[in-house]
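Structural description and commentary
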Amino acid sequence: MREILGRRLQRLRDRFRSLCFLPDPRRSGGSPAPASAHLEAALTCATTWRWPVLPGVGRSAADGSRCACPDPDCVVPGAHPFDPGLLAATTDPRMVAWWWTNRPTAPVLMATGGAAPCALSLPATAAARALVRLEAQGLRLGPVVATPTRWSLLVAPYSLERLGELLYAKDHVPSSLRFHGEGGYVLLPPSAASSGGQVRWEREPRPRGESQPPAQRRPSAQRMRRGRRTPQARPVSQETGTPQGAGALWLPEVEAVVDALVEASSGAPGGGSRLAY
C-alpha cells in the first residue's frame, strides 16, 4: 500500500512540475522557463516529506528592505505568514503549485507541530559550536536549518504539555533557546532570511537508515560515566507523519536535544552559558 501511495505522489509531483513551466518572453520562440527553486523545494516538503507548507509574505515590491505586510516596524520582514495565514499550511501539491506559480520567490514556511516536525532554535554562532559538541558526544542530529542569525534543529513532534514537563524538570535552560511547536513555523531553504542572506541546510534531511558519520556514532563518554539514558530518536513517516520503519526521515526526540544542549551550555567561564547570544 505504501509503495502504491508513493507512486501516486510521484506522479502528482511530475504532473505539477510539467504544469509549472511558464513562458519566458526573453527566450527565443517563447520556450518555457523552469519552475522556481522555491516551488521545487515546497513540493519536495509537501509531497515527499509530508511537511505542511505555505508561502511567507515576502518583501515589499517598492522597497526590498521592508516587509510586504502592513506593519511598518515588522521585525521579521518577509519571513512570516500573512495571506494566507498559518492555518492554510498544506501538503496538497495542487495548492502548493498554485501558490508558488503565482509567487515564484515567496519564502517557504513549514508549519510546525501536529504530524510535522517541531524545532528549537538558537543563535547561529552558539549553534555552530553546539553542533560540533553534540555530534562529538554521539548525538545523532536531524535536519538543521541555518540563517545568518539563527539555526533551527528539527525534532520529532512534541506537544506543549510534554515540552512544559521537560522544561519544568530542568534546573536551568539557556535563555537563547526558542521552541517552535504547535502553532509555530520555520523558514526553509531556499528562502531569503529576514536579516538578509539565504536560508540553507546546515544538515540536510536524511533517511532513518542512512549511515551516520563516524563522529556521530561515538557514544558520549561523559554520558556513559553518569549512566544517563537519552531518549531515543524516532523516525517520522514520509507518508503519514507518524512513527514508522523503513523509508522514514530521521528526527531526534526533543528530550535528547534539550538534554544535550543544557549539558553543552554549562561550564562557561564566569558561570555563564556557552549558548548565550
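Figured I'd write up the structure that's included with this text. The structure displayed is predicted, hence computed values, not measured ones. (Residues numbered from 1 in each chain as written. Predicted model: local features only at pLDDT ≥ 70, side-chain atom pairs only at ≥ 80, totals over all residues. Heavy atoms only, no water.)

So, the sheet that holds strand β4 (residues 108–111)
Within the open sheet, the three strands sit side by side as β3-β4-β9. Their pairing is antiparallel. A single partner strand is all that each edge strand has here, and the edge strands are β3 (53–55) and β9 (185–188). In this sheet, neighbouring strand axes are inclined to one another by 35° on average, regardless of whether the strands run parallel or antiparallel. Judged from the three bridges that link them, β3 and β4 form a sheet pairing that is antiparallel. Across the sheet, V53 pairs through a bridge with M110, a residue of β4. Those strands touched by helix α2 (residues 37–48) are β3, β4 and β9, and its axis lies near 155° from that of β3. (Pairing = 2+ DSSP bridges. Helix = DSSP H or I, 4+ residues; strand = E, 2+ residues; numbered from the N terminus. Axes fitted to C-alpha atoms, helices over the stretch in contact; angles between N-to-C directions. Contact = heavy atoms within 4.5 Å.)

Points about the nonpolar core
In this structure, W51, V53, V96, W100 and L188 are the most contacted members of the largest nonpolar core, which totals 30 residues. When residues of this core are traced back to their parent elements, those giving at least two are α2, β3, α3 (93–102), β4, β9 and β12 (249–251). In terms of residue count, α2 provides more of this core than any other element does, five residues in total. Leave out the neighbours within four places in its chain, and V96 touches L39, A42, L43, A46, V53 and T90. With 28 residues, the next largest nonpolar core counts L141, V144, L166 and A264 among its residues. (Core = buried A, V, L, I, M, F, W, Y, C linked by side-chain atoms within 4.5 Å. Buried < 20%, exposed > 50% of the residue type's maximum accessible area, 1.4 Å probe, protein only.)

Remarks on the state of the cysteines
A complete count under the given rule lists zero disulfides for this structure. C67 forms no disulfide, and the closest cysteine sulfur to it belongs to C69, at a distance of 3.5 Å. For C67, a relative accessible area of 10% gives the class buried. (Disulfide = S-S within 2.5 Å.)

A short note on the packing of α2 against α3
Between α2 and α3, the least distance of the axes is 10 Å, while the angle of their chain directions is 165°. By the angle class used here, α2 and α3 are roughly antiparallel. α2 and α3 meet at a crossing whose hand is right-handed. Counted together, H38, L39, A42, L43, A46 and T47 of α2 and P93, V96, A97, W100 and T101 of α3 form the full contact between these two elements. Residue composition of the contact of α2 with α3, by class: eight nonpolar, three polar and no charged. (Parallel < 35°, antiparallel > 145°, perpendicular 65-115°, else oblique. Left-handed = near helix turned anticlockwise from the far one by under 90°. Nonpolar A, V, L, I, M, F, W, Y, C, P; charged D, E, K, R; others polar.)

With respect to the sheet that holds strand β10 (residues 200–203)
On the basis of which strands lie adjacent, the open sheet formed by five strands has the order β8-β5-β7-β6-β10 and antiparallel pairing. The open sheet is flanked by β8 (178–180) and β10, the only strands paired with a single partner. Sheet twist, expressed as the mean angle between neighbouring strand axes with direction ignored, is 30°. Note: strand β5 (residues 118–123) against strand β7 (residues 150–155), six bridges, orientation antiparallel. Paired with P123 across the strands is R150, a residue of β7. Taken strand by strand, helix α4 (residues 124–136) contacts β5, β6 (144–146), β7 and β10, and its axis lies near 115° from that of β5. Against the sheet, helix α8 (residues 254–265) touches β5, β7 and β8, its axis set at about 15° to β5.

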